[in-house]
Amino acid sequence: MVQGIANWNTGETQEWLQQYVDDWVAFYRKHTNDGNVASYIPILAEADPDDLGITIIGNNGLSVRSGDTEIPFTLQSISKAITFIVACMERGVSYMLDNVDVEPTGEAFNSIMHLEMKPVKKPLNPFNNAGAITVTSTLPGDTSEERLEPVFQLLEKILGYRPSLNVDVYESERESSNRNRAIGYYLLEVGFLDSDLNATLETYFKQCSINVTLDDLARIGLILANDGMDPKNGEEMMPRQVARLTKVLMLTCGMYDASGKFATYVGIPAKSGVSGGILAAVPPRVRDETMPFTDGCGIGVYGPALGDKGNSIAGTRLLRHIATQWDLSIF
């Protein structure tokens, strides 16, 4: 465990910290062999399964980057957290909680079994596909471009630039997403959708296909870690209530049906995507002052080789190691 360093802002300790993370990334890169890239969206199968990278950005200006940090990738299911935030800001938290519940399902992210087997009046959470499509249906606008505009605006406000839509991934998703179309039709039949099905699905496919980098994920995580506030200038990027609710959902539902184990063994609010990305938000904690990032940080991880639950296998293990070594768990 890294100990005995009182000030983590000096150049010397920055070098030591970098060396630790470099060593950990090199070690866990070998674990990419235990997973496989997503293939049900054909273009995602083109990713290099050996890629692994991490970016950590702290409140105090300390940052660490290691591994394959320059590779752009698409948000995929990480977008569910962003669109939920936007929907809460556009429609109100009460309205959103009337449309989607906040309960973990314990089932695969693309399952609708809980809707058919249990007497539910709405999808159980906004981070499985049924709940996410329902959330997307509440975004204002008639076209997918109109509905995505506030999503892009929030990302631009947080990141300082407007991210792009990966058209190739979008078209691959649109052509291969038979299950999501089936989920959409089921939601339409039972009255869960708030607007037109076709526009909702087009918006959903596009939100999943927004390009980001590891720095982007870490930046978003940092804002969430600070309850929606930018620690650099104190500007509110999103309402505190929305940020806190999103973090709770990330902790309980953010890692598909591996969320319970992730919460237990890692203990950080996180949201994953099948492109291999993981967005994590570490709030400020009361810990030994010799630990780094006790005042909070945002973390972005990328590793496209997935485990059987759809999460980056090496990325998840790397996060668990770092959370243990630096006592990042919120518990």
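This text gives an overview of the structure that appears in the document. This is a predicted model, so every value here is computed, not measured.

Some details on the overall build of the chain
Argument step 1. The helix and strand tally for the chain stands at 13 helices and seven strands.
Argument step 2. Judged by the C-alpha coordinates and their principal axes, the chain covers about 60 × 40 × 35 Å.
Argument step 3. Each of the 331 residues in the chain was classed as buried or not, and the buried ones make up 59%.
Argument step 4. If you take every contact in the chain between residues at least 6 apart in sequence, the share linking residues at least 24 apart comes to 69%.
Argument step 5. Summed over all atoms, the accessible surface of the chain reaches about 13300 Å², with 48% contributed by carbon and sulfur.
Argument step 6. Positive and negative side-chain charges in the chain, numbering 27 and 42 respectively, have mean positions lying 5 Å apart.

Details of unusual backbone geometry
Phi is mostly negative for residues that are not glycine, and the peptide bonds are mostly trans.
Argument step 1. Even without being glycine, aspartate 227 reaches a positive phi, approximately 55 degrees.
Argument step 2. Along the chain, aspartate 227 turns up in the loop between α10 (214–225) and α11 (240–253).

Here's the deal with the packing of aromatic side chains
Argument step 1. For the structure shown, the criterion picks out six aromatic pairs.
Argument step 2. Here tyrosine 20 and tryptophan 24 contribute two aromatic rings whose centre-to-centre distance is 5.8 Å and whose plane-to-plane angle is 40 degrees, an arrangement assigned as tilted. With tyrosine 20 and tryptophan 24 both in helix α1 (residues 11–29), this residue pair falls four residues apart, about one helical turn.
Argument step 3. The ring of tyrosine 170 carries the charged tip of lysine 206 above its face, separated from the ring centre by 5.4 Å.

Notes on the packing of helix α8 (residues 178–190) against helix α9 (residues 197–208)
Packed helices, taken two at a time, are described by the angle between their axes plus the distance between the axes.
Argument step 1. Contact geometry of α8 with α9 gives a least axis separation of 11 Å together with a crossing angle of 140 degrees. In terms of orientation, α8 lies oblique with respect to α9. The two elements α8 and α9 cross, and the hand of that crossing is right-handed. Here Asn180, Arg181, Gly184, Tyr185 and Leu188 of α8 lie close against α9, whose contacting residues are Leu197, Leu201, Glu202, Tyr204 and Phe205.
Argument step 2. Here the residues of the contact of α8 with α9 sort into six nonpolar, two polar and two charged.

Section: the sheet that holds strand β1 (residues 53–58)
Argument step 1. With antiparallel pairing, five strands are arranged side by side in an open sheet as β2-β1-β7-β6-β5. Every interior strand has two partners, whereas the edge strands, β2 (63–67) and β5 (270–272), have only one. For this sheet, the mean inter-axis angle between neighbouring strands, taken without regard to orientation, is 10 degrees.
Argument step 2. Of the strand pairs in this sheet, β5 and strand β6 (residues 277–282) are connected by three bridges, and their pairing is antiparallel. Within β6, the position partnered with alanine 270 by the bridge is alanine 280.

A word on the environment of glycine 254
Argument step 1. In this fold, glycine 254 is placed in the loop between α11 and α12 (259–265).
Argument step 2. Residues glycine 254 and proline 126, spaced 128 residues apart in sequence, show a C-alpha to C-alpha distance of 9.4 Å.
Argument step 3. When near neighbours in sequence (up to four residues on either side) are disregarded, glycine 254 contacts Phe127, Leu249, Ser259, Ala270, Lys271 and Ser272.

A word on the environment of threonine 55
Argument step 1. Along the chain, the position of threonine 55 falls in strand β1.
Argument step 2. Taking the C-alpha atoms as reference, threonine 55 lies 28 Å from proline 104; in sequence the two are 49 residues apart.
Argument step 3. The residues touching threonine 55, leaving out its near neighbours within four places in the chain, are Val64, Arg65, Thr69, Leu214, Asp215, Ala218, Gly298, Ile299 and Gly300.
Argument step 4. One polar contact links threonine 55 to aspartate 215, side chain to side chain, over a distance of 3.2 Å.

Considerations on the pattern of salt bridges
Argument step 1. With the rule as written, the count across this model stands at twelve salt bridges.
Argument step 2. Note that aspartate 215 and arginine 65 form a salt bridge whose closest N and O atoms lie 2.9 Å from each other. Placement of the pair is aspartate 215 in helix α10 and arginine 65 in strand β2, with a sequence separation of 150 residues.
Argument step 3. Among the residues examined, arginine 65 registers a relative accessible area of 35% and is labelled partly exposed.
Argument step 4. With a closest N to O distance of 2.6 Å, aspartate 227 and lysine 247 form a salt bridge. Of this pair, aspartate 227 sits in the loop between α10 and α11 while lysine 247 sits in helix α11, and the two are 20 residues apart along the sequence. Neither aspartate 227 nor lysine 247 differs from the other in exposure class; each is buried.

Comments concerning the nonpolar core
Argument step 1. Counting 42 residues, the largest nonpolar core has Phe84, Val151, Ile158, Ile220 and Leu224 as the members making the most contacts within it.
Argument step 2. Core analysis: the second largest hydrophobic core is formed by 29 residues, Ile56, Ile268, Ala280 and Ala323 among them.

Things to note about the state of the cysteines
Argument step 1. Applying the stated criterion across every chain yields a total of zero disulfides.
Argument step 2. A disulfide-free cysteine, cysteine 88 has its sulfur positioned 13 Å from the sulfur of cysteine 253, the nearest such atom.
Argument step 3. Judged by relative accessible area, cysteine 88 falls into the buried class, the value being 5%.
Argument step 4. By relative accessible area, cysteine 253 is classed as buried at 6%.

Structural notes on the pairing of strand β7 (residues 297–302)
Argument step 1. Within β7, six of the six residues are buried, leaving the element largely enclosed by the surrounding structure.
Argument step 2. Residues Cys297, Ile299 and Val301 line one face of β7 and the alternating positions Gly298, Gly300 and Tyr302 line the opposite face, and both faces are buried.
Argument step 3. Sheet topology places β1 next to β7; six bridges connect them, and they run antiparallel. Residue pairing for β7: isoleucine 57 is matched across the bridge by glycine 298.
Argument step 4. Relative to β7, β6 runs antiparallel, the two sharing six bridges. Residue pairing across strands places valine 282 opposite cysteine 297, the latter belonging to β7.

About the cut-offs
- Residues numbered from 1 in each chain as written.
- Predicted model: local features only at pLDDT ≥ 70, side-chain atom pairs only at ≥ 80, totals over all residues.
- Heavy atoms only, no water.
- Helix = DSSP H or I, 4+ residues; strand = E, 2+ residues; numbered from the N terminus.
- Buried < 20%, exposed > 50% of the residue type's maximum accessible area, 1.4 Å probe, protein only.
- Contact = heavy atoms within 4.5 Å.
- Areas by Shrake-Rupley, 256 points an atom, 1.4 Å probe, with all protein chains shown as cover.
- Lys, Arg positive; Asp, Glu negative; His and termini not counted.
- Charge placed at Lys NZ, Arg CZ, Asp CG, Glu CD.
- Phe/Tyr/Trp six-rings, centres within 6.5 Å; stacked < 30°, edge-to-face > 60°.
- Lys NZ or Arg CZ within 6 Å of the ring centre and 35° of its normal.
- Axes fitted to C-alpha atoms, helices over the stretch in contact; angles between N-to-C directions.
- Parallel < 35°, antiparallel > 145°, perpendicular 65-115°, else oblique.
- Left-handed = near helix turned anticlockwise from the far one by under 90°.
- Nonpolar A, V, L, I, M, F, W, Y, C, P; charged D, E, K, R; others polar.
- Pairing = 2+ DSSP bridges.
- Polar contact = N/O pair within 3.5 Å; in protein donor to acceptor, adjacent residues only side chain to side chain.
- Salt bridge = Lys/Arg side-chain N within 4 Å of Asp/Glu carboxyl O.
- Core = buried A, V, L, I, M, F, W, Y, C linked by side-chain atoms within 4.5 Å.
- Disulfide = S-S within 2.5 Å.

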